[in-house]
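Each chain, letter by letter, is given below.
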Amino acid sequence: MKYNTEHDAPYWRGPVWINLNYLILSALHHYAQEDGPYKTRAAEVYKELRQNLIGNIVHNYKSGYFWEQYDNAASGKGKGAHPFTGWTSLVVLMMAEIH
């Protein structure tokens, strides 16, 4: 992946970040409850994204760690800092559907 600058890696571009996905889930959950033209689609995307995120984090926990970020390739492999219970711990709120 292309660097931001010569010495600045694309830290926020590429990997799957749980904190940002939690915010997206929260917005999708909100719009899935509101009447409007996108209610059904928001509910569908919310369900699929929630299942994918929880499934990927649980799958990667088999390594014994929560990870800082996850690969955006098909593998979804954990990467970055570990053990990492910072924003990856948001998975508990995702499971409980607390937004």
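Because the structure is predicted, anything quoted here is derived from the model rather than measured.

### Overview of the pattern of salt bridges
Scanning all chains against the criterion turns up three salt bridges. E44 is the partner of R41 in a salt bridge, and the nearest nitrogen-oxygen pair spans 3.4 Å. In this pair, R41 and E44 both sit in helix 2 (residues 39–61), three residues apart, roughly one turn of the helix. Two residues, R50 and E97, come together in a salt bridge whose shortest N-O distance is 4.0 Å. Residue R50 is located in helix 2, and its partner E97 is located in the segment after helix 3 (91–96); the two are separated by 47 residues in the primary sequence. Since its relative accessible area comes to 41%, E97 is described here as partly exposed.

### A word on unusual backbone geometry
Among all residues except glycine, the phi angle is most often negative; among peptide bonds, the trans geometry is most common. With omega at -5 degrees, the peptide bond leading from H82 into P83 counts as cis. Mapped onto the elements of the fold, P83 is located in the loop between strand 2 (78–79) and helix 3. The phi torsion at E97 lies on the positive side, around 55 degrees, for a residue other than glycine.

### A few points about the environment of K2
Mapped onto the elements of the fold, K2 is located in the segment before helix 1 (18–33). Residues K2 and K77, 75 residues apart in the sequence, show an inter-C-alpha distance of 20 Å.

### Concerning the packing of helix 1 against helix 2
For the pair helix 1 and helix 2, the least separation of the axes is 8 Å and the interaxial angle reads 150 degrees. Of the possible angle classes, the one that applies to helix 1 and helix 2 is roughly antiparallel. Judged by the twist between their axes, the crossing of helix 1 over helix 2 is left-handed. Each of I18, N21, I24, L25, L28, H29, Y31, A32 and Q33 in helix 1 lies in contact with helix 2, whose residues at this interface are K39, A42, A43, V45, Y46, L49, R50, L53 and I57. Along the lines of polarity and charge, the residues of the contact of helix 1 with helix 2 split into 13 nonpolar, three polar and two charged.

Parameters and conventions
- Residue numbers here run from 1 along each chain, matching the order of that chain's written sequence.
- This being a predicted model, a pLDDT of at least 70 is required before a residue's local features are given, and a value of 80 or more before pairs of side-chain atoms are given or counted; all residues contribute to the totals for chains, interfaces and linings.
- Hydrogens and water are ignored here; the side-chain numbers use all heavy atoms of the structure.
- In the sections that follow, a salt bridge refers to a side-chain nitrogen of Lys or Arg positioned within 4 Å of a carboxyl oxygen of Asp or Glu.
- Segments assigned H or I by DSSP are reported as helices when at least four residues long, segments assigned E as strands when at least two residues long, and all are numbered from the N terminus.
- Note on exposure labels: buried denotes an accessible area under 20% of the residue type's maximum, exposed denotes more than 50%, and partly exposed covers the range between, all computed with a 1.4 Å probe on protein chains only.
- For helices, the axis comes from a line fit to the C-alpha atoms of the stretch in contact; other axes are also lines fit to C-alpha atoms, and the angle between any two N-to-C directions lies between 0 and 180 degrees.
- Put simply, angles under 35 degrees are roughly parallel, angles over 145 are roughly antiparallel, angles from 65 to 115 are roughly perpendicular, and the rest are oblique.
- Each crossing gets its hand from how the near helix is turned against the far one by less than a right angle, where anticlockwise is left-handed and clockwise is right-handed.
- Only heavy atoms matter for contacts: two residues are in contact if any of them lie within 4.5 Å across the pair.
- Asp, Glu, Lys and Arg are counted as charged, while Ala, Val, Leu, Ile, Met, Phe, Trp, Tyr, Cys and Pro are counted as nonpolar; the rest, among them Gly, fall into the polar class.

Functional significance is not addressed by these values, which are geometric in nature.
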